[in-house]
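Below are the chains, spelled out letter by letter.
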Amino acid sequence: MSEKQALQLVCASCGAVNRVPASRLADRPVCGKCKSLILSGEAINVGDANFARWLQKNDLPVVVDFWAPWCGPCVSFAPVYKDVAKRWAGRARFLKLDTEAQPVTAGQYQIRSIPTLMVFSQGREVVRNAGALPPAQFEQWLANYLPRH
Ligand SMILES: [Zn+2]
């Protein structure tokens, strides 16, 4: 990746698409539209209306936690996901999709068990894992599919 290359990144707050030089990812880039941190370090709740945009307009890999509020393992996994989203903020975008409230996307990706964790690159599925993972295993799993910085 060259220093001058700009990455498209969707703002976590307003959804605007920003272009950020690859060399500036660690410098807490701010959204040109709403002035919030683009890489907020939060796991971002997305839905059927904006999921495709998030996949297609991010040049960083996109990690998705397909979950539901009634699913015990999903709820237990949420703090793990939140923690990893914060610590890996410059390496990937971390999304959460509530499969109960947002069934179209869950159907499109044939999510049969939850939680299902998926990694996308340039809009395409790279890998999925059915079931929650303990923290260390989740990070090992991600490390296999996310570029190093
Ligand atoms: Zn914004």
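Below: a short report on this structure. Please read all numbers here as calculations on a predicted model, not as lab measurements. (Residues numbered from 1 in each chain as written. Predicted model: local features only at pLDDT ≥ 70, side-chain atom pairs only at ≥ 80, totals over all residues. Heavy atoms only, no water.)

This brings us to the environment of Tyr 145. Here Tyr 145 lies in helix α4 (residues 135-145). In the structure, Tyr 145 is positioned 19 residues away from Val 126 in sequence and 7.6 Å away in space, judged by C-alpha atoms. Excluding anything up to four places from it in sequence, Tyr 145 contacts Val 119, Val 126 and Val 127. (Helix = DSSP H or I, 4+ residues; strand = E, 2+ residues; numbered from the N terminus. Contact = heavy atoms within 4.5 Å.)

The geometry of helix α2 (residues 72-87) relative to α4 is characterised by a closest axis approach of 10 Å and an angle of 45° between their N-to-C directions. Taken together, the axis directions place α2 and α4 in an arrangement best described as oblique. The two elements α2 and α4 cross, and the hand of that crossing is right-handed. Packed against α2, whose contacting residues are Phe 77, Val 80, Tyr 81, Val 84 and Arg 87, the element α4 presents Pro 135, Phe 138, Glu 139 and Leu 142 at the interface. A per-class count over the contact of α2 with α4 returns 7 nonpolar, no polar and 2 charged. (Axes fitted to C-alpha atoms, helices over the stretch in contact; angles between N-to-C directions. Parallel < 35°, antiparallel > 145°, perpendicular 65-115°, else oblique. Left-handed = near helix turned anticlockwise from the far one by under 90°. Nonpolar A, V, L, I, M, F, W, Y, C, P; charged D, E, K, R; others polar.)

With the rule as written, the count across this model stands at 11 aromatic pairs. Ring centres of Phe 77 and Phe 138 lie 5.1 Å apart, and the angle between their planes is 75°; this geometry places the pair in the edge-to-face category. In this pair, Phe 77 sits in helix α2 while Phe 138 sits in helix α4, placing the two residues 61 residues apart along the sequence. Judged by relative accessible area, Phe 138 falls into the buried class, the value being 0%. Here the aromatic rings of Phe 138 and Trp 141 are separated by 6.4 Å at their centres, their planes lie at 25°, and the arrangement is stacked. Here Trp 141 and Phe 138 lie together in helix α4, a separation of 3 residues that amounts to about one turn. According to the relative accessible area criterion, Trp 141 is buried, its value standing at 11%. Members of the aromatic cluster, joined through ring pairs, are Phe 77, Tyr 81, Phe 94, Phe 138, Trp 141 and Tyr 145. When the ring centre of Trp 88 is taken as origin, the NZ or CZ atom of Arg 91, which lies over that ring, is 4.3 Å away. (Phe/Tyr/Trp six-rings, centres within 6.5 Å; stacked < 30°, edge-to-face > 60°. Buried < 20%, exposed > 50% of the residue type's maximum accessible area, 1.4 Å probe, protein only. Lys NZ or Arg CZ within 6 Å of the ring centre and 35° of its normal.)

This next bit is on the nonpolar core. Counting 19 residues, the largest nonpolar core has Val 63, Phe 94, Phe 138, Trp 141 and Leu 142 as the members making the most contacts within it. Secondary-structure elements contributing two or more residues to this core are α2, β6 (116-121) and α4. If you tally residues by element for this core, the top one is α2, at 5 residues. Beyond its immediate chain neighbours, meaning those up to four positions away, Val 63 contacts Tyr 81, Ala 92, Arg 93, Phe 94, Leu 95, Met 118, Val 119, Leu 142 and Leu 146. With 16 residues, the next largest nonpolar core counts Leu 55, Tyr 109, Ile 111 and Phe 120 among its residues. (Core = buried A, V, L, I, M, F, W, Y, C linked by side-chain atoms within 4.5 Å.)

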